Each structure stands twice: as C-alpha cells, then as structure tokens.
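# Structural characterization, general
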Amino acid sequence: MENEERWVEQLKLGDRQAFQKLYEKYHAKVYTTAFGMLGNEADAQDAVQEIFMKIYHKVATFDSRSNIGTWLYRIAVNFCIDLKRRSTVSRSKALSVEETLLNNLHDNSVEPEKRVISSEVQQLVRKAITHLSPKLRSVIVLRDLQGMTHMEIAEILGCSKGTVSSRLNRGRRKLRALIILAGLDETYLSELT
Amino acid sequence: MMLHFKIRRLLSAYADGELEKSAEENIRQHIRQCDSCLIILDEIKHSKKAISMISIPTAPKSIWKMVENELFEAKRNPKQQHASPFANLLDHRLKLILSAASIALLLILFKVWQFEDNVPEMTSTVEKHISTAGFNYGKYFDDIAAQRRADGFEKVYHGKPVDFKTADSIASIGDFHMCIIPSALTGYVLEEISVLTDLCHQSLEIRYIKDGNVIIVFQQPATHPYSLGSRKKEVVNIRSVYCEKMVVGDFIALTWELGNTRFVAIGRLETADFEAIVSASIMQAHS
C-alpha cells in the first residue's frame, strides 16, 4: 500500500519510470476498452496513445485517496466517447444504424452461406457495439470485454450498481436486435449459448 | 412472487452471477414459470455469448515508443517541450482564462451581430437572456414554432437559422428542443435551444462546463403546466430535495421544486457532473 502511494507520488512528479510502470500495468486493458468502444485497431492504437498522454498531463490532479485504476479507466472511457462523438457525421447525413450495418455486411462478393463465419460474426458484433449509445456501449465493453464487476463499472462511470445492471439489460438486448437485423441468423445466435 | 419488471431489471445481473443467493433463487423460480422473462434472459445470454467471440488483438509495442517519445524524448528539444504535470496545471489555468475570454468575446460578437441584423428588440427578461446567451430558434424548429403558435403561444421568437448539418446532438425533452454544435472557438456550445418563453420565468442561467457539456438552469412557477413532457421520470434525491430526472439520448433534464418555484436544469453532461451542478443550484436557492 505504501509502495502504491510512493509510486503515485512519483507519477505526480512526472517520473519516467513510474509512468512506464503505469503504462505496463494498464495499457492492455485500456487498449481493450478503446478497441471495444471504437471498433477497430487503428483507432484503438491512436486512442491509447492519446489517453496515456492525457493521463500523464492530468496525473497531478489525481486524488491519491482514490483508486488509480478506476480514475484511469474513467479517463479512457470518456476519451473514447468524446472521440466517437467528434467523429460522428451529422445526423441528417448519417445512415441509420440498420442501413450502415446492412451496407457493411451485405457485401455481394461474399456468398451468403459463407457470410456467417467466425471472423465476420466478430466484425458484425464489433460494429453493432459501436452503434450503441455511449452509455450502453461503455457498460457492455467494461463488463463483457473487460470482465469487470457491476460495482467496478459503477465506480468508473459514477453511477449506481442498479444503473449498470439496467444499462446492461438494455444494451445487450439492443445489441442482439442489431446483430439479427444485420443478417446474423437467429438460430445461429441461439446455438452459441 | 416478484413482479416481471423487477425480475427483468435484474436479469443481466443474474446472467453475470452478480446477485445474492436469495435474489438468484427468486429469479430462477420465476423464469421456470414465466416464458416472457425467460426469452429476455435468453436474449441477454445470446448477446453475451456473441460478444465473447470477439478476439481482442494485442496492443502493439510501438504505442509505448510513441508515448515515450512524445512525453520524454521531446523534452530535449525546447521547441517541442511538453510540460510536466505541475507545469500543466499552470497551462490548464491559462487555458481556462483563455476559454472564458473566448466565450465572452463570442457573446459580445454575437450581440453585435444580432444588433446589426435588426433583430426585433426583446421585450421580456427571458427572451433577452436567451438572445444574449446566443440561443435562438432556427430552421430546424420552424415546424415546432409554427405548432406552438397554432397552440396559442405568442412569444415564439425566431433568430438566425443554424446549419444543423454540423449538429453533434439533437434532442427533445418535452417542450425543449436542443441542439449542440461544435464550435471552432469554444469547443462546443449549446447553439440552439428552443425554450417556449412562456415556460420560463425570470431566471435563465447558462453554464458552460467543459467541451461538449452544457447546462442551463431556469425557474418557472410551480403551478405552470409541466414542461418536460409526460414520459416516466426517475426520482433522485439531491440534498434532500426530490428531483425528477429524465434522460433522452445525450441529454439530461432534472426538475425540482422549492416553495412555489419549479427549477429546471437541462443540458448535456455526465450524470455526476449534472447532479453536482443541480446540487449547487439547490444550495444557492436555499441561501
């Protein structure tokens, strides 16, 4: 515990080694969060870089009594939400979720029976996640990709455990609807469980 | 037996093994007899399973190299020097001052622009506030405004149309129609808010919090027809005052009553920030 406090103090002083330790400890999880939130590797890599630079510059404001992991994930989630928000095309021009998914997935060059294969299912699910609202997307990524508990998620997002649970309900049901809407066979989806 | 809606709220927690034994048993018993709840549980499980199929790539080592280079190597070159966290605090303050100055400048320019365009002089306090703050009705709300006139509202004010193609968020909560547009100068501004002037009363306080997050707080008589619409609202307790909360898209609206006055806070914010501002407003009203 004392070591942790000393480490945080060193971080606040801008110590390079302390920061590298922070990066090594958390970068994989931050990358997973960014990948889930943004839906592709290139954006996730850029986001991780930006997030850690942001953390370095903001660490002096971190309240040492709090958990640094929670603080860091909060920054990561908010950064990804903001990034996504900024890159969103105007609503008037934006295709509907259904149109976008269908356009992306109903590629005529792919034979229908080969469409539903693992990698495409993965791509489809990833895209569907990015079409959820930021609030629903955050809980799904933190729970189902990161494996965090509802309580941990509640602390990161600054809401109650009940809210996390209810957002997970909505998010998962909506996600399933989007996946089916985009062409994934409902029977296939049932067989997954 | 627990009610369906109570059960359904807990289904994700059940699927994640997050419930206590007794609650888990209640749900298990319920879904044995209830097909509709079982279907929802299956949907949740399908979704969980589909997400679990996603394989997460490993973060490339080059990311650390880039971060390291940006933060530490560049320090050697004074022109590219990055501030230490402490120096950054000073930077942060400077940024805040510059942002405040930019907003003030924007408001002044907006006022001059309005004056030059011969916008009819505002008659009520509320309209004046709206105009000064840079809020106006635009093209997007033409139909709404027309409808309001048809409904007998007289004080529907039209300002300059706004290019809604650049809108970042558009939402309606009851009688309030809002639009947030990115601004090169200030990051984000609540560029457009359609507030029926008849619904406001005297006070309209605008707060810019941080990029993309904007909130307004205003008052109206408690007897006034309800302005947030008839959809079901969540009740939250802030500083022992019960507030009704509604979330629509990125926007949150909270209303609370003190004496004969109803306060309405509306905008786009993280929930915690929003409630902190409402809490401060309640304190202010009490004092």
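Quantities reported herein were computed from a predicted structural model and do not represent experimental measurements. (Residues numbered from 1 in each chain as written. Chains lettered and ligands numbered in written order. Predicted model: local features only at pLDDT ≥ 70, side-chain atom pairs only at ≥ 80, totals over all residues.)

Right, let's get into the pairing of strand 6 (residues 234-238) of chain B. All names here are of chain B. Of all 5 residues in strand 6, 0 are buried; the element is thus mostly exposed. Alignment of strand 6 against strand 7 (residues 241-248), held across 5 bridges, turns out to be antiparallel. Its bridge partner lying in strand 7, isoleucine 238 is registered against valine 241. Hairpin geometry of strand 6 and strand 7 is characterised by an intervening segment of 2 residues between the two adjacent antiparallel strands and by a positive phi of about 50 degrees at arginine 239. (Buried ≥ 20, exposed ≤ 12 C-beta atoms within 10 Å, placed from the backbone. Helix = DSSP H or I, 4+ residues; strand = E, 2+ residues; numbered from the N terminus. Pairing = 2+ DSSP bridges.)

All right, on to the packing of helix 3 (residues 41-58) of chain A against helix 5 (residues 62-71) of chain B then. At a minimum axis distance of 10 Å, the contact between helix 3 of chain A and helix 5 of chain B shows a crossing angle of 35 degrees. Regarding helix 3 of chain A and helix 5 of chain B, the two cross each other, and that crossing is right-handed. Contact residues: A:Gln45, A:Val48, A:Gln49, A:Phe52, A:Met53 and A:Tyr56 in helix 3 of chain A; B:Ile63, B:Met66, B:Val67, B:Glu70 and B:Leu71 in helix 5 of chain B. Considered class by class, the residues forming the contact of helix 3 of chain A with helix 5 of chain B number 8 nonpolar, 2 polar and 1 charged. (Axes fitted to C-alpha atoms, helices over the stretch in contact; angles between N-to-C directions. Left-handed = near helix turned anticlockwise from the far one by under 90°. Contact = placed C-beta atoms within 7 Å. Nonpolar A, V, L, I, M, F, W, Y, C, P; charged D, E, K, R; others polar.)

Attention now goes to the confidence of the model for chain A. Mean pLDDT for chain A: 78, with 76% of residues reaching 70 or above. Scored below 50 in pLDDT, residues 89-116 of chain A shows 33 contacts in the model against residues more than four places distant or in partner chains. (pLDDT = per-residue confidence, 0-100.)

Before going further, it helps to spend a moment on the nonpolar core. If you look at the biggest cluster of nonpolar residues, it comprises 51 residues, and the most contacted ones within it are A:Ala34, A:Val48, A:Ala76, A:Cys80 and A:Ile140. Ranked by residues supplied to this core, first place goes to helix 2 (residues 16-38) of chain A with 9 residues. A domain-level breakdown of this core finds at least three residues from each of domain 1 (2-87) and domain 2 (97-192) of chain A. Among all residues touching A:Val48, those that are not within four sequence positions of it are A:His27, A:Val30, A:Tyr31, A:Ala34, B:Ala59 and B:Ile63. (Core = buried A, V, L, I, M, F, W, Y, C linked by C-beta atoms within 7 Å. Domains from an automatic or database assignment.)

Let us now look at the pairing of strand 8 (residues 251-258) of chain B. Residues and elements named next belong to chain B. Summarising burial for strand 8: 6 of the 8 residues are buried, a large majority. With 5 bridges joining them, strand 7 and strand 8 adopt antiparallel strand pairing. Bridging across to strand 8, valine 248 finds its partner in phenylalanine 251.

For the rest of this paragraph, the subject is the packing of helix 2 of chain A against helix 3 of chain A. Describing two packed helices takes the angle between their axes plus the distance from one axis to the other. Residue and element names in this part refer to chain A. In contact at an axis separation of 8 Å, helix 2 and helix 3 are set at 140 degrees when each is read in the N-to-C sense. As summarised for this structure, helix 2 and helix 3 are arranged oblique, according to the angle between their axes. Once helix 2 is placed against helix 3, the crossing between them reads as right-handed. Contacts from Phe19, Tyr23, His27, Val30, Tyr31, Ala34, Phe35 and Leu38 in helix 2 reach Glu41, Asp43, Ala44, Ala47, Val48, Ile51, Phe52 and Tyr56 in helix 3. Counted by class, the contact of helix 2 with helix 3 contains 13 nonpolar, 1 polar and 2 charged residues. (Parallel < 35°, antiparallel > 145°, perpendicular 65-115°, else oblique.)

Further remarks concern helix 9 (residues 150-157) of chain A. Where helix 9 of chain A is concerned, the buried positions are A:His150, A:Ile153, A:Glu155, A:Ile156 and A:Leu157. Among the residues trailing helix 9 of chain A, A:Gly158 stands out with phi positive, at a value near 70 degrees.

So, on to helix 8 (residues 134-145) of chain A. Residue and element names in this part refer to chain A. Between its first and last C-alpha, helix 8 extends 15 Å over 12 residues, near the 16 Å set by a 1.5 Å rise per residue. The buried fraction of helix 8 is high, at 11 of 12 residues. Turning to helix 8, its buried residues number three or more, namely Lys135, Leu136, Arg137, Ser138, Val139, Ile140, Val141, Leu142, Arg143, Asp144 and Leu145. Glycine 147 sits one or two residues past helix 8 and shows a positive phi near 75 degrees. (Expected span 1.5 Å × (residues − 1).)

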